[in-house]
Amino acid sequence: MPYYLLKTHFIMYKTTVKTLLLFIFCFSAKILGAQLPYDPSQHILIKFEASASQAYIDSLKTEYNATEVLISYPSFIRFWHVLFPVIVNGIDTLGNIHEVVNGMSSKPKIKTVGPDFEFTTQYIINNPDYGSVWVDPMMECENGHEYDFSPPKTTVPEDLIRKIAIVDTGIAINDGEGSFFSHPGIFDGYFDQNYIGYDFIGNDMLPEDENGHGTHIAGIIALENQAGDNYPMRFYAYKAFDQYGVSSLGLMVRAIDRAILDGVHMINMSCGVNSSQLEPGETSPFKELMEVAQANNVLVIAAAGNEHENNDDSGEPTYPASYDVDNIIAVAAGDCEGGLAPFSNYGEKAVDLVAPGVRIVGPTKNGLLASMSGTSMATAFVTYVAGVLSFQGPFNYDEVRCAVLSGVSSNSSLAGYVATRGLLNLQNSMQVFDDCKQSNYLRSLPSAPSAQKDENIQVFPNPFVDGIGIKLSATAQGKTSFTLRDIQGRVLHQISHQLTGQAELIQLDLPPHLPVGVYYLQMSNTEGVYTKKVIKQLSY
C-alpha cells in the first residue's frame, strides 16, 4: 500500500541537544496546565512479598499516614497516597515523599517501594503546513539503504494476529465525518474499533492523541508493515501522557499492567524515566513491572534516550531501557548513514542495537504528518521488525529478541556504543530465526537444569564479537568451570577459574574462528549450574 503524507514544516527544540529531537523523557518540573488526574508528588508505589499479611500492610499505612488508592494488576503494585506531615514513632517528622520511601525501604516483607513522580516531553511543533504526497517513513534519508526492512514473502494463517501495545500519547481520532481515525489510509485495519485501548488521563475508552507523538510512533510501524507483506498486527493505544506530554510513573504502571492483561505480545515504549528523579539509594518499582511483563511472555522495546549519554556509566541512565531484564530490547537512534545519531544515548552493555531515528516521516494529530527525530522513532522500527519475526512460530519473547539482536548488520563505527555493534536488519533476522527457536537450543543441555535468571551473574556484551566478560557478585569459593556449547550441546571451549568468594570480573577469550550463531555458556561450581544463552555476532 502507498503512504499518505500531509507534509509539515516541523521545528523542534530541546535544551540539551542542537538537533531535531522527539523523545518522551523525564524531568521533575511541574508543567502549567498539566491534565494528570492526580498529584504524583504525594504518592508512593509499593509491592509486598507474598507472605505479607493484610494486617501488616494496614499497620504500615497507619504508620505512614497513607491511604491505598488502588492495586494495579497483574503486577500487584499498590498506589498509596501519603498525607503530610508524617510522624513516625511520635518523634520523627517526614516532610516529603523521599523521606517516606527511605523509611519504608528498610521494612520487612516489602519487595519494592519507590516514589511516584511527574515527567514530561520537551519539544515544540510550529506551523504544520504540508501538501499531500506518497512517501516512505525514511523518505528524507537518501542513504536509508543502510537499513533493511524488507521481509521475504510468506504465508500467515488468517486467524493469527500479533497484538502490539503503544504506551504513549494516544492515537489521532477523526473529529469529523468519515473514518474513525484521522489517518484512515494508515490505521484502518490495525485497530479494533470496539476496543482501541484506554485513556489513563481521562479514564475512558477513547485514547485520543492531543499531542501527536503516539500517532507518529504507531504510524511508523503501520507504514513499514504496509510497505512489506502487511502482516496481521493489531495495535492498542494506551494513553498515559496528556496533551502537554506530561505523565507519571504511576500512570505508566497502570498502562503497562493493562496491556499485559489485554494479552499483548509486545509493548512499544518510545519513552523513558530518567533516574535523576530518584534520591541516592532509592529504587523504582518500574523494574518489577518489567519482570512481570517478562513472566507473561511480553517483549518490551524501549528507547535509550536522547541526551547523548552513556547509559552504562551515567549516574542517571534511562529506564526501562537500562534495566537488566531479558525481555527488553534497548534501542539507540542511528543517522541516515547508519552511524550513531549525535543526540542518541548509547552503552555497550545497556543498549542493544541501532535503528533509524533521524528525519523520520510519520503521521501526527489533526490529519497531518511530520518529520521527527529521536530514539522514539528508532524504537518503532524495532517494534515493526519484532512483529514480523514473531510470525515465524508460536510467540516467544526470547526467540524474537534473539533474532533481532543476532541478525543486525555489523557497523564498525558502533563498536563501544551498543552491545551488538550493529544496525537493525529484518532480512538477516529472518535468516537466523531458526537458530533462536527453543525447540533447537533446549535440547542442547540434556545434563543441565533449565536455563535460569541469576541476578548475581552478568554476561556482556551479548551478542559478542571476540570475547565475553562475566561479572560475578560474591560467590562460593573454589574451582569454577566455564563451558561454551553449541546448540547441539557439543563442548567448544572450556576453562577453569578459582573463585575467591568476592566480586570478580572474568574475561573469557573464545576461539577466534567461532561461527556466527547461538551458543550456551555454562558456569558450574559447588552452588550449581548457571546457563546463559549468548550470541556470536559478525566481526569486522
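Asks: Talk me through the overall build of the protein chain; I want residue IDs and the actual numbers.
Replies: Across its full length, the protein chain holds 10 helices and 30 strands. Counting only residues that meet the buried cut, the protein chain has 59% of its 540 residues in that class. Across the protein chain, the fraction of contacts at a sequence separation of at least 24, relative to all contacts at a separation of at least 6, is 75%. Counting only carbon and sulfur atoms, one obtains 48% of the accessible surface of the protein chain, whose full area is about 21,100 Å².

Asks: Got a sec to walk through the packing of helix α4 (residues 213–227) against helix α7 (residues 375–389)? Specific residues and values, please.
Replies: Following both chains from N to C, one finds α4 and α7 inclined at 35°, their axes separated by 9 Å at the closest point. Our pair here, α4 against α7, has a crossing hand that is right-handed. On α7, the residues that touch His213, His216, Ile217, Ile220, Ile221, Glu224 and Asn225 of α4 are Ser376, Met377, Ala380, Phe381, Thr383 and Tyr384. Taken together, the residues that form the contact of α4 with α7 break down as 7 nonpolar, 5 polar and 1 charged.

Asks: Which residues make up the packing of aromatic side chains, and what values do they have?
Replies: Taken as a whole and assessed by the stated rule, the structure comprises 17 aromatic pairs. When the centroid spacing of 6.4 Å and the interplanar angle of 85° are considered together, the rings of Phe48 and Tyr56 count as edge-to-face. A ring pair is formed by Phe180 and Phe181, whose centres lie 5.1 Å apart and whose planes are at 90°; its orientation type is edge-to-face. Judged by its relative accessible area of 26%, Phe180 is partly exposed. Since its relative accessible area comes to 1%, Phe181 is described here as buried. Grouping aromatic residues by their ring pairs yields a cluster made of Phe180, Phe181, Phe187, Tyr190, Phe191 and Phe235.

Asks: Before we move on, could you go through unusual backbone geometry and cite the residues and values that matter?
Replies: The omega torsion across Tyr73 and Pro74 is 10°, close enough to zero to call that bond cis. You can see Pro74 is positioned in the loop between β3 (66–72) and β4 (77–82). The linkage connecting Phe84 with the following residue, Pro85, adopts the cis geometry, with an omega of 0°. Tracing the chain through its elements places Pro85 in the loop between β4 and β5 (86–88). For Arg359, which is not a glycine, the phi torsion comes out positive at approximately 55°.

Asks: Please provide a residue-by-residue account of the environment of Arg78, values included.
Replies: Turning to its location among the elements, Arg78 is positioned in strand β4. A sequence separation of 35 residues divides Arg78 from His43, and the C-alpha atoms of the two residues are 10.0 Å apart. Apart from residues no more than four positions distant in its own chain, Arg78 is found in contact with Ile44, Leu45, Ile46, Phe48, Gln54, Ile57, Glu68, Leu70 and Ile71. A polar side-chain atom of Arg78 sits 2.8 Å from a polar atom in the side chain of Glu68.

Asks: Give me the lowdown on the side chain of His183, citing residues and values where you can.
Replies: Locating His183 in the fold gives a position in the loop between β10 (162–168) and α3 (184–187). From its side chain, His183 meets the backbone oxygen of Thr364 in a polar contact 2.7 Å long. Non-local contacts of His183, meaning those with residues more than four positions away in its chain, are made with Ala172, Asp188, Thr215, Pro363, Thr364, Gly367, Leu368 and Leu369.

Asks: Would you mind going over the state of the cysteines in detail, with residue names and values included?
Replies: Throughout this description, disulfide means a covalent bond between two cysteine sulfur atoms. A complete count under the given rule lists 2 disulfides for this structure. Disulfide pairing places Cys141 opposite Cys336 at an S-S distance of 1.8 Å. Across the S-S bond of Cys141 and Cys336 the torsion is about -65°, and the bridge reads as left-handed. Separated by 195 residues along the polypeptide, Cys141 in the loop between β9 (132–133) and β10 and Cys336 in the loop between β18 (328–334) and β19 (353–356) bring together distant segments of the chain. A relative accessible area of 3% means that Cys336 is categorised as buried. Across the disulfide, Cys402 is cross-linked to Cys436 (sulfur-sulfur distance 2.0 Å). Its torsion about the S-S bond being -65°, the disulfide of Cys402 and Cys436 is classed as left-handed. Taken as a pair, Cys402 in helix α8 (residues 397–406) and Cys436 in helix α9 (residues 426–436) lie far apart in primary sequence, 34 residues in all.

Asks: Break down the nonpolar core for me, with residues and values.
Replies: Counting 78 residues, the largest nonpolar core has Met233, Phe235 and Val404 as its most contacted members. When residues of this core are assigned to their parent elements, the largest contribution, 10 residues, is made by α7. When neighbours within four sequence positions are excluded, Met233 is seen to be in contact with Ile161, Arg162, Ile164, Gly189, Tyr190, Ile221, Asn225, Tyr384, Gly387, Val388 and Phe391. Listed in part, the 45 residues of the second largest apolar core include Phe200, Cys271, Val273 and Val298.

Asks: Outline α9, supporting the account with residue identities and numerical values.
Replies: Those residues of α9 not exposed but buried are Leu426, Ser429, Met430, Phe433 and Cys436. When α9 is viewed along its axis, its buried side chains cluster within an angular range of 115° and face the same direction. With a side-chain oxygen lying 3.2 Å from the backbone nitrogen of Gln427, the N-terminal cap of α9 falls on Asn425.

About the cut-offs
- Residues numbered from 1 in each chain as written.
- Predicted model: local features only at pLDDT ≥ 70, side-chain atom pairs only at ≥ 80, totals over all residues.
- Heavy atoms only, no water.
- Helix = DSSP H or I, 4+ residues; strand = E, 2+ residues; numbered from the N terminus.
- Buried < 20%, exposed > 50% of the residue type's maximum accessible area, 1.4 Å probe, protein only.
- Contact = heavy atoms within 4.5 Å.
- Areas by Shrake-Rupley, 256 points an atom, 1.4 Å probe, with all protein chains shown as cover.
- Axes fitted to C-alpha atoms, helices over the stretch in contact; angles between N-to-C directions.
- Left-handed = near helix turned anticlockwise from the far one by under 90°.
- Nonpolar A, V, L, I, M, F, W, Y, C, P; charged D, E, K, R; others polar.
- Phe/Tyr/Trp six-rings, centres within 6.5 Å; stacked < 30°, edge-to-face > 60°.
- Polar contact = N/O pair within 3.5 Å; in protein donor to acceptor, adjacent residues only side chain to side chain.
- Disulfide = S-S within 2.5 Å.
- Core = buried A, V, L, I, M, F, W, Y, C linked by side-chain atoms within 4.5 Å.
- Arc of directions from axis to C-beta.

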